[in-house]
Structure formats: C-alpha cells, structure tokens
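Close look at the chain arrangement
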Amino acid sequence: MELLLLFLSFCFLTLSGLTFATESGTPVTTVTVKEDDDAILPCSLYTNVNIEKMLFDWKKEGTVLQKEVFMYVEGKHYNNGLPGQDEQFRDRVSHFPEELKYSNASIRIKQTKLEDKGIYTCDFPRLQPEAKIFRIELVVGAAPQPSVTNLDQTNDWALLQCDVNGAYPKPTVEWWNSNNQIIPSEEPQVSKKGEHFYVTLKTTVKKTDRYRCAATQKDIHHQIYKEINVHLNGLPEWAAALISVLVVFIIALVIALAVTAYCLKKGLIL
C-alpha cells in the first residue's frame, strides 16, 4: 500500500506538478494538497544508489530560521525527539524505509495544515564530490463544500444564498443554472479570519430550475459545488406569453363588437 501511494504521488507530480527555477538555479517542484490530507514530498537521487547508510535532512525554509522537519542518519531516523525538530512536525512525519535502497528519501506529512505550506529542502550534506539539495514547494488549500439556502420565495421568484466558509486560497464563487451558465448575482460579501476566507453570494432567480453554487480555487486546481432545486408556481414564459396574446385578442374583439353594435344602433351600417 505504501509503494502504491508513493507511485501514485510521483505520477501526480509528473502530470500536474509545476517545476520552475529559483534565482539560485535550483529547481523547485510544487506539491499541492487539500488541508487535512497527507502530503508526500519527493526527494530522490535518481541514481538507484542505496542510501540506507547515508544522511539526508529535511528542513522547512522560514523568514528568519529554517525549521527542522525530519532527519535520517545511517539507518536511524529522528522523527520523535529529534534535537531541534520543530514542534509543528513532531509525530507527523515519516519516510519510506523500503524505498531507501532505490535512493528515495521522500517523506510523508500527515494531515497537512495551512501553516505547513512553504518551501522544503531535502539535503544530502555528505554526498561527494558536493552536497545535493532538492527544493519542494508545498501548497496547502482549504476547500470546504458550499452551503446553499433558499432565503425567500414567492410564486414568481426565489432569493438564494451561498456560503463558502473557511476557504484558502480565496475562491471565486458563482451561481450557475442547469445549463452550466453563470447567472447574475449580487456583489459577493467577503471576510477573512486568519488565512481563511468567508464568502457569501446571493442571487434572485425567476425560473423553476436546478441551481448550483460553485467555488473555484485555481491556485490549487480545485472546484466544488452544491446544488439546490427551485420550483416556482408562476406560469412558464410560453404560457404567460400565450395568455397575453389571448387577452389582447379578446379586448380587440370586445371593442370591435361594441363598435359594430353602436353603428347598427345609429343606422350607420345597413
């Protein structure tokens, strides 16, 4: 199961990971996960060298100091009780022992939090002729499902509200109809607590339909939605139009009959 998960992780990174060059020229691989999901940070020498007797050290870059994440030294790993290990990662990081013989020094971070996002380094400081350092950016996103409410309704319209609570990064929230068309809405109400965004979006609909509130977070390639069915008792547009035509016709007929009767009475029509 561990091997399968690691393989799938590498496949995901190959297909959707973003690699770019930093100012120092060291490539950075991006790993994107949802909050509370496990994240696998890849690190491998790509030489199939057995690293079971080597040293590799994982750190997280900070604005001032680096945080110690995980250290492996010649067959021993220091995850719990590592001197200097940051409390943020205690009991949350593990490696893949069976993969060390293939030069794989990847780690798993359990139940990622927003504060875990950032740049991580995987360092082989004793590697000759020079140390080898890999850099990985971890992007963590919170993507809760929207909640939808029918606030008010008459025979002709319904006022719908969509709430997206605790999202990160900031989502784009839209109302769609059953044809996947964006429908006009009010200006969204946005607030922020910590790094989480809270968005409320209202719309007034005038047709019986299935409506969808969609929250899109392009930064983490994520979209989630919630649907609501609205049934209005008003007549369909075609029926209302037909009734309007019939009313006009009846009024015109009544006027014509009244004029004809008046003319007959006055002897204007023989």
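As the structure is a computational prediction, the values presented were derived from the model and not from experiment.

Right, let's get into the packing of aromatic side chains. Two aromatic rings are characterised by how far apart their centres lie and by the angle between their planes. For the coordinates displayed, the defined rule picks out 5 aromatic pairs. Between Phe124 and Phe134 the ring centres are 6.4 Å apart and the planes differ by 80 degrees, which places this aromatic pair in the edge-to-face class. Here Phe134 lies in strand β10 (residues 132-141) and Phe124 lies in strand β9 (residues 118-124), a separation of 10 residues in the sequence. The buried category is assigned to Phe134, whose relative accessible area is 17%. Sitting over the face of the ring of Tyr225, Arg212 holds its NZ or CZ atom 4.1 Å from the ring centroid.

On to the nonpolar core. Among the nonpolar cores identified, the biggest contains 29 residues, and Leu41, Phe56, Trp58, Phe124 and Leu138 are the most heavily contacted of them. No other element matches the 4 residues that β10 contributes to this core. Discounting residues that sit within four places of it in the chain, Phe56 has contacts with Ile51, Phe70, Met71, Tyr72, Leu100, Ala105, Asp123 and Phe124. In this structure, Leu160, Leu201, Cys213 and Val230 belong to the second largest nonpolar core, which totals 18 residues.

With respect to topology, 3 strands assemble into an open sheet ordered β3-β8-β7, the strand pairing being antiparallel. Each edge of the sheet is formed by a strand with only one pairing partner; in this case those strands are β3 (39-41) and β7 (93-95). When strand polarity is set aside, the average angle formed by the axes of neighbouring strands in this sheet is 25 degrees. Strand direction decides the pairing type here: β7 and strand β8 (residues 107-109), joined by 3 bridges, are antiparallel. Its bridge partner lying in β8, Val93 is registered against Ile109.

Thresholds applied
- Every chain is numbered on its own, with residues counted from 1 as its sequence reads.
- Predicted model: local features are reported for residues with pLDDT of at least 70 only, side-chain atom pairs are reported and counted for 80 or more only, and whole-chain, interface and lining totals are derived from all residues.
- Side-chain figures throughout are based on the complete set of non-hydrogen atoms in the structure, without hydrogens or water.
- Each pair of aromatic rings taken from Phe, Tyr and Trp, with Trp reduced to its six-membered ring, is defined by centres within 6.5 Å and is described as stacked if the planes are under 30 degrees apart, edge-to-face if over 60, and tilted in the remaining cases.
- In DSSP terms, a helix is any run of H or I states spanning at least four residues, a strand is any run of E spanning at least two, and both are numbered starting from the N terminus.
- Under the scheme applied here, a residue whose accessible area is under 20% of the maximum for its type counts as buried, over 50% as exposed, and between as partly exposed, the area being computed with a 1.4 Å probe on protein chains only.
- Placement of a positive charge over a ring is assigned whenever Lys NZ or Arg CZ falls within 6 Å of the ring centre and within 35 degrees of the normal to the ring plane.
- Here, nonpolar core means buried Ala, Val, Leu, Ile, Met, Phe, Trp, Tyr and Cys residues that are tied together by side-chain atoms lying within 4.5 Å of each other.
- In this analysis, two residues are considered to be in contact whenever any of their non-hydrogen atoms come within 4.5 Å of each other.
- Two strands pair under a simple rule: DSSP has to find at least two bridges between them.
- Lines fitted to the C-alpha atoms define the axes, with helices restricted to the stretch that makes contact. Angles between their N-to-C directions range from 0 to 180 degrees.

So yeah, pure geometry; function would need other evidence.
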